[in-house]
Amino acid sequence: MGIKLTTLRQAGIEADLAPALGGGLAGMRIDGVPVLRPWNGDETVRRMASYPLVPYSNRIARGRFDFGGKAQALRLNFGDHPHPLHGLGWQREWTLEQTSDASAVMRLAHRPEQNEAEDWPWAFDATQTFSLTGSSLTVTLAYHNLADTIVPVGLGWHPFFPRTLNGQDATLEFSADGVWMMDEQALPASLDAIPAKWNYQQARPLGQPGLDNCFAMWHGEARIAWPGSGMAIRMSASEELGHLVVFTPASPADFFAVEPVSHANNAINMSKPAIHGIKEIAAGATLEVTMRLTIERNAA
């Protein structure tokens, strides 16, 4: 069918938006160099440079949870995977409502009585606001609760980065206070101290750490660099995004993901979901989070 892209431009930075493909970001370039994994043209959001996570991040075990004394069941949304994944925003078409040379607003309306109630039982509007400057891209994601009750919400993004840039391998740097170890069903089993092999408190080569894990009590910044290329990205996020999922698929995958999110995987099924980042949003209220990607030109 062909996917229409809208490109924002400012002082050598370009960002391609794909509202029809999960509200995704199809690419981001600095002076023509792609610093996010560029979309390959396949009509699947899974090949985007980044996409929004709303109204939850990562997995909900078997799609089952209780909230407000009522059992909820979500449909599976990722092939034969046993758990629904990443909410519904990445699988819906968003509407481009406003645009200028360096800014844009996308909107998504979810009405369970009209859409799939099994995707999420409560009505909401979501917006993404993109703002480009000469040194950064800022994205704000807002969830507006249209239900007549308090609802649980999680938000975030799923940006992908190239493992190599101009022939240089990526380094990663971030700080967190713990990491969730995963069980055989890819669900969190225990919150542990970060092992040395996964410690990126000091910048070091990404390597092949075999990560698909959520880091808890993330300090709110991460830096991805390609030493020798002169290029780096510093990711920062609003305080509501207190967790960081890092995904490093094995070779021959040429990308990795560093995902700022509000909550731990499957937090909604933990004994105290709010401690692990689930937000309870009152009727008519809005939860808003922000991610900023700041470009470091001539970086070491």
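Rules used in this analysis
- Residues numbered from 1 in each chain as written.
- Predicted model: local features only at pLDDT ≥ 70, side-chain atom pairs only at ≥ 80, totals over all residues.
- Heavy atoms only, no water.
- Pairing = 2+ DSSP bridges.
- Helix = DSSP H or I, 4+ residues; strand = E, 2+ residues; numbered from the N terminus.
- Contact = heavy atoms within 4.5 Å.
- Phe/Tyr/Trp six-rings, centres within 6.5 Å; stacked < 30°, edge-to-face > 60°.
- Buried < 20%, exposed > 50% of the residue type's maximum accessible area, 1.4 Å probe, protein only.
- Lys NZ or Arg CZ within 6 Å of the ring centre and 35° of its normal.

A.B. asks: Please explain the sheet that holds strand β20 (residues 204-205) as it appears in this structure.
C.D. replies: Hydrogen bonds along the backbone pair up the strands of a sheet, which may run parallel or antiparallel. Strand order in the open sheet formed by 9 strands is β8-β9-β10-β11-β27-β23-β22-β17-β20, and the pairing between neighbours is antiparallel. Only two strands of the sheet have a single neighbouring strand rather than two, namely β8 (95-99) and β20. The sheet contact formed by β8 and strand β9 (residues 103-110) spans 4 bridges and is antiparallel. By the bridge assignment for β9, Gln98 is matched with Val105.

A.B. asks: I tried to follow the environment of Leu88 on my own but got confused; where do I start?
C.D. replies: Positionally, Leu88 belongs in the loop between β7 (70-73) and β8. C-alpha separation for the pair Leu88 and Thr164, spaced 76 residues apart in sequence, amounts to 31 Å. Beyond its immediate chain neighbours, meaning those up to four positions away, Leu88 contacts Val54, Pro55, Leu108, His110, Asp119, Trp120 and Phe124.

A.B. asks: Hey, could you run me through the packing of aromatic side chains in this one?
C.D. replies: To describe a pair of aromatic rings, one takes the distance between the centres and the angle between the planes. All told, the structure shown has 13 aromatic pairs when counted by the stated rule. Between Tyr51 and Trp90, the ring centres sit 5.7 Å apart and the planes meet at 20°, which makes this aromatic pair stacked. Placement of the pair is Tyr51 in the loop between β4 (33-34) and β5 (52-53) and Trp90 in the loop between β7 and β8, with a sequence separation of 39 residues. Residue class for Tyr51 comes out buried when judged on its relative accessible area of 0%. Just above the ring of Phe160 sits the side chain of Arg37; from NZ or CZ to the centre is 3.8 Å. The cationic tip of Arg204 hangs over the ring face of Tyr200; the distance from NZ or CZ to the ring centre is 4.0 Å.

A.B. asks: Any chance you could explain the side chain of Ser236 here in plain terms?
C.D. replies: Looking at the secondary structure, you find Ser236 in strand β23 (residues 231-237). Beyond its immediate chain neighbours, meaning those up to four positions away, Ser236 contacts Gly220, Glu221, Thr290, Met291 and Arg292.

A.B. asks: Explain the environment of Val151 here, please?
C.D. replies: Within the secondary structure, Val151 sits in strand β12 (residues 151-153). According to the relative accessible area criterion, Val151 is buried, its value standing at 0%. Distance in space between the C-alpha atoms of Val151 and Ala225 is 38 Å, their sequence separation being 74 residues. The residues touching Val151, leaving out its near neighbours within four places in the chain, are Phe67, Trp122, Tyr143, Asn145, Lys279, Glu280 and Ile281.

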